Amino acid sequence: MGPLRSVVLAGGGTGGHIYPLLAFADCLRRHDASVRITCLGTPKGLENELIPPQGYDLRLIPAHQLPRSVNMNLVRTPDRMFKAARAAGKVLDEVRADVVVGFGGYVSVPAYLAAWRRELPIVVHEVNVPPGVANRMGMKFTKHVAVGFPHQPAQAESLRDARVVGVPLRRSIAGLNRAAARDAARAHFGLRPDLPTIFVSGGSQGARSINLAVSGAAKELARAGVQVLHAIGARNEPVSVPNDLPVPYVTLPYLSEMELGYAAADLMVCRGGAMTCAEVAAIGLPAVYVPYPHSNQEQKRNALPVVEAGGGLLVDDAELTPAWIEQVVVPLARDPRRLAAMGAAASAYGRRDGDEALLDFVYEAVSR
């Protein structure tokens, strides 16, 4: 199989779709600087903020949420989808695409439809169980389905024959040496180099329950000599912590360079999003996972295999309280041997080569 000349990547709406797309785009470019990479997105998606600054061509097309029940939106869907697929098809024709690789999000559906009509190879990458609506649609048009985690094929019939490739991770994370970067990362945030450190993040938007539980235990954490780096999230109110704590408790509204937070930490308190689980496991960072409760439990399914492998703890959102932090998290943060064992278990479960494995799979799909 010769080099790919033009690849169209479809994925948008949330960071869980966009970050692996960007990591894979970087992988493509590392292997062949001449390959044409075109990303499809929608006018309102987060992709507008994340993709252009990385230097990739972003083409915007109309895309609409697929209805899950019979209503007026379902009646309008065929016409909307036809227009969106036609717009996607124009992009595919213009860039002379060799393949479409979709990462989910509603923009992926018109891309899959347009590629299918043109008999172009389609590769679907899915990280959740059950698969998202858009990727479930894409799976009707291709047998080339890749997944991020080993548990997925066993838990979803539609993913039974999928190839486990891992999750494409940004090089700044996949190549992170936490031990080597620790002191510089802690200095960057004004943290002490010699204290146990917890990194708290509920994702880009934050998690109010996590914020309240950890900040509510600020005095107990400080009394135990545990410092905190706390990314509150873009849509959350600032947390209230005492000003006279004897050790640092650093709060940030948002952290774009997550690798710095990971490097500074001995332990993380986080949600169970697929990207978070993939990143934290790959770099061997022990974590307390607090899955988002208002969903179909996919975050719990994401985190559970890492926990069962020994790489973290799992706690229900409703059970996460300042008292729980004091009783469970504080002793764990102060136990370097246990943290080291958990980190090794997480690293053994995770993988750092998802981008390369997905590229091999794409070449295989195109060659067929």
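Structure: above.
Analysis parameters
Residues numbered from 1 in each chain as written. Predicted model: local features only at pLDDT ≥ 70, side-chain atom pairs only at ≥ 80, totals over all residues. Heavy atoms only, no water. Pairing = 2+ DSSP bridges. Helix = DSSP H or I, 4+ residues; strand = E, 2+ residues; numbered from the N terminus. Axes fitted to C-alpha atoms, helices over the stretch in contact; angles between N-to-C directions. Contact = heavy atoms within 4.5 Å. Salt bridge = Lys/Arg side-chain N within 4 Å of Asp/Glu carboxyl O. Buried < 20%, exposed > 50% of the residue type's maximum accessible area, 1.4 Å probe, protein only.

Draft legend 1. Representation of the sheet that holds strand 12 (residues 287-289) within the structure. Strands sit in the order 10-9-8-11-12-13 across an open sheet of 6 strands; the sheet is parallel. Strands at the two margins of the open sheet, each flanked by one partner only, are strand 10 (249-252) and strand 13 (312-314). Within this sheet the neighbouring strands show an average axis-to-axis angle of 15°, counted without direction. Where strand 11 (residues 267-270) meets strand 12, 3 bridges bridge the pair, whose relative direction is parallel. By the bridge assignment, Val-269 is partnered in strand 12 with Val-288.

Draft legend 2. Region of the structure containing the sheet that holds strand 4 (residues 99-102). With respect to topology, 7 strands assemble into an open sheet ordered 3-2-1-4-5-6-7, the strand pairing being parallel. Only two strands of the sheet have a single partner each, and these edge strands are strand 3 (57-60) and strand 7 (163-164). Where strand 6 (residues 145-147) lies against strand 7, 2 bridges are found, and the strand directions are parallel. In the strand pairing of strand 7, Ala-146 is matched with Arg-163. Here helix 1 (residues 15-31) sits on the sheet and contacts strand 1 (6-10), strand 2 (36-41) and strand 4; the angle it forms with strand 1, its principal contact strand, is near 170°.

Draft legend 3. Up close: the pattern of salt bridges. A full pass over the atoms with the stated rule returns 16 salt bridges. Between Glu-279 and Arg-170 there is a salt bridge, and its shortest N-O distance comes to 3.1 Å. Separated by 109 residues along the polypeptide, Glu-279 in helix 12 (residues 274-282) and Arg-170 in the loop between strand 7 and helix 7 (171-174) bring together distant segments of the chain. Exposure class is identical for Glu-279 and Arg-170. Each is buried. Through salt bridges with shared partners, one network takes in Arg-30, Arg-171, Asp-355 and Glu-356.

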